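This is what each chain is made of:
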Amino acid sequence: MRNSKISVVIPFYNEEDELDKLLFNIRKFENKSNQVSEYLFIDDCSKDNSLKILKNFKKKQKILLSKKIIIIKNKVNLGWAKTLKKGYKKSKSELTLFIPGDGEADLNQFLRKFDPEFDVIIFQRKDMRSRPLLRKIISKLYKYLICKIFFIKVLDLNGLIMIKTKKINKLKLFSNSFFISAEIILKSHLLKLNIDRDKNFKLLIKNKYKSSSLNLKQLFLTLFDFIKMILFCLNIFFKTFIK
C-alpha cells in the first residue's frame, strides 16, 4: 500500500467544550503517523472561545504540527454543508477526509490502514450508545428510507467519508444541509466510483451533547436537498434510457 497524503477538513461552530479532546487526539495521532498533510479547521463564526482555544493549541505545538494546522474563519455563518464544501475547495492533498469539530471521531481509531486505491472510503458508526435514544431512532429510519428509495444497500449515511480530492468536482455537490453526506454517497454509487464501505469507528462521548441538525430550518433544507437528489437521479435515468 503506497503512502497517500490526506487533508482533514474540520468545520466547527461553538465547540469550546469539545475541542480540547479533538486536539489531544490529533496530537496523539501525529506522534504515530505522518499520513495527514494538513488540518483545515474552518470556524463558522463561533460565538464562544473555540477559535481562541484552537489558536493557543497551534502556538504550543512543534513546528511540524503547527504548520499543518490551517485556521480559516468564515465571514458569515454558512452552516455545515457550505463550510464543508469550502474545505473541499481548499484541500491540497490526494485524499480528503472530513471529521466534525465536536470530538466524536478519533483519527487514532480508524485512520491507520486503508486502501488508497478506493475513490471513496465510508467509515460507518458502529457504536452510537453515546447518542440520545430519539437521535438513534431518527438516524436508523433516515438511513433505511434513503437507501431504499435510491436502491442502494443500507449503510450509515452520516458517518465519515474520505474521498479522492480529484473526484469531488465530479460529484457537483449542491446540498446546503446535512443531506450532503448522503448526496456524496448516493452520487458515488450513481457515478460508479470505487467505494469501500467496510470501515467503521466508534463515536466518542461528548462533554455536552447538542445537535444543530434537528431544527425546522435544517429539516426544510434537508427535504429540499432530498428533492433535488430525486430530480438529479431522474435526469440521469432519462438521459440513459430515453433517447
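Because the structure is a prediction, the values reported are computed rather than measured. Starting afresh in each chain, residues are numbered from 1 along the sequence in its written order. In view of the model being predicted, local features appear only for residues whose pLDDT reaches at least 70, and side-chain atom pairs are presented and counted only at 80 or more, with totals across whole chains, interfaces and linings using the full set of residues. Heavy atoms from the whole structure form the basis of all side-chain values; hydrogens and water molecules are not counted.

Draft legend 1. Focus on the sheet that holds strand β2 (residues 36–43). Here the rule is simple: two strands pair whenever DSSP picks up at least two bridges between them. Helix and strand assignments come from DSSP, with helices taken as H or I runs of at least 4 residues and strands as E runs of at least 2, each series counted from the N terminus. The mixed open sheet is built from 7 strands, whose spatial order is β3-β2-β1-β4-β6-β5-β7. Both edges of this open sheet fall to β3 (69–73) and β7 (195–202), since each of them pairs with a single strand only. Strand after strand, the sheet turns through a mean of 20° between neighbouring axes, direction not considered. Pairing of strand β1 (residues 6–12) with β2, which is carried by 7 bridges, proceeds in the parallel orientation. Across the sheet, the residue bridging to Ile6 is Val36, located in β2. Lying on the sheet, helix α2 (residues 50–60) is in contact with β1, β2 and β3; it crosses β3 at an angle near 155°. Here the axes come from fitting lines to C-alpha atoms, over the contacting stretch only for helices, and the angles between their N-to-C directions go from 0 to 180 degrees. In this analysis, two residues are considered to be in contact whenever any of their non-hydrogen atoms come within 4.5 Å of each other.

Draft legend 2. Looking closely at the side chain of Lys167. On the secondary structure map, Lys167 appears in helix α7 (residues 165–171). Each residue is assigned to one of three classes by its accessible area relative to the maximum for its type, calculated with a 1.4 Å probe on protein chains only: buried under 20%, partly exposed between the two thresholds, exposed over 50%. Neither His nor the chain termini are counted; the positive set is Lys and Arg, and the negative set is Asp and Glu. Any Lys or Arg side-chain nitrogen found within 4 Å of a carboxyl oxygen on Asp or Glu counts as a salt bridge. Notably, Lys167 is buried but unbridged: the nearest opposite-charge side chain belongs to Asp119, and the N-O separation is 4.2 Å. Apart from residues no more than four positions distant in its own chain, Lys167 is found in contact with Asp119 and Leu193.

Draft legend 3. Fine view of the layout of surface pockets. Lining residues are defined by having an atom within 4 Å of a point belonging to a cavity or pocket. Those points lie on a 1 Å grid over the protein atoms alone, cavities being sets where a 1.4 Å probe fits but cannot get out and pockets being open sets with protein on both sides within 12 Å along at least five of seven lines. Grid points are joined across faces, edges and corners, and a volume is the space filled by probe spheres set on the points. When its volume is computed, the second largest pocket comes out at roughly 260 Å³. Taken together, the elements giving at least two residues each to the lining of the second largest pocket come down to α8 (180–190) and α9 (216–241). Here the lining of the second largest pocket is built from residues that sort into 12 nonpolar, 2 polar and no charged. Throughout, the ten residues Ala, Val, Leu, Ile, Met, Phe, Trp, Tyr, Cys and Pro are labelled nonpolar, Asp, Glu, Lys and Arg are labelled charged, and all others, Gly among them, are labelled polar.

Draft legend 4. Structural context of the pairing of strand β4 (residues 95–98). In β4, alternate side chains face the same way, and those of Leu95 and Leu97 on one face and Thr96 and Phe98 on the other are all buried. By the bridge criterion, 4 bridges tie β1 to β4 in an arrangement that is parallel. When the sheet's bridge partners are listed, Ile6 is paired in β4 with Leu95. With 3 bridges joining them, β4 and strand β6 (residues 160–164) adopt antiparallel strand pairing. Its bridge partner lying in β6, Leu95 is registered against Lys164.

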